[in-house]
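Take a look at the letters that make up each chain.
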Amino acid sequence: MIEVKILGTGCASCKTTQKLVEEVLAAKGVQARVEKVEDIPSIMRYGVMSTPGVVIDGKVVHAGGVPARAQVEQWVEG
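Residues numbered from 1 in each chain as written. Predicted model: local features only at pLDDT ≥ 70, side-chain atom pairs only at ≥ 80, totals over all residues. Heavy atoms only, no water.

Asks: Would you mind showing me how to read the environment of Asp 39 here?
Replies: Within the secondary structure, Asp 39 is located in the loop between β2 (32-37) and α2 (40-45). Distance from Asp 39 to Leu 7, taken between C-alpha atoms, is 8.5 Å for residues 32 residues apart in sequence. Here Ser 42 takes part through its side chain, which lies 2.8 Å from a polar atom of the side chain of Asp 39. (Helix = DSSP H or I, 4+ residues; strand = E, 2+ residues; numbered from the N terminus. Polar contact = N/O pair within 3.5 Å; in protein donor to acceptor, adjacent residues only side chain to side chain.)

As structure tokens, then:
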């Protein structure tokens, strides 16, 4: 099971990113735990200065703007 964290304070892009990641995980049948991280100090610990950010298994894979669906598919296929 992979661990995914969506970093963001709740803006529209953050919500869109979380929905996209969850859709791709479901479509690919990937077991994952998705967590939303909204508090600024926790987000900053990852070194992410622009949200939304995506962290997979402890590694920042994206920051700033909504990622492309193809990008998300690559991340979850690993």
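Past the structure itself, the notes keep going.
Asks: Help me understand the sheet that holds strand β4 (residues 59-63), please; the structure alone is not making it clear to me.
Replies: Backbone-to-backbone hydrogen bonds pair the strands of a sheet. The strands run either parallel or antiparallel. Reading across the sheet, the four strands line up as β2-β1-β3-β4 and stay open at both edges, with mixed pairing between neighbours. Looking at strand neighbours, the two that pair on one side only are β2 and β4, the edges of this open sheet. Recorded for the sheet is a direction-independent mean angle of 20° between the axes of neighbouring strands. Here strand β1 (residues 2-7) pairs with β2 via six bridges, running parallel. (Pairing = 2+ DSSP bridges. Axes fitted to C-alpha atoms, helices over the stretch in contact; angles between N-to-C directions.)

Asks: I tried to follow unusual backbone geometry on my own but got confused; where do I start?
Replies: A negative phi holds for most residues other than glycine; trans holds for most peptide bonds. Each neighbour pair has its own omega, and for Thr 51 with Pro 52 the value is 0°, a cis peptide bond. With respect to the element layout, Pro 52 can be found in the loop between α2 and β3 (53-56). Phi at Asp 57 is positive, roughly 50°, even though this residue is not glycine. The topology assignment puts Asp 57 in the loop between β3 and β4. Asp 57 sits in the partly exposed class, given a relative accessible area of 48%. (Buried < 20%, exposed > 50% of the residue type's maximum accessible area, 1.4 Å probe, protein only.)

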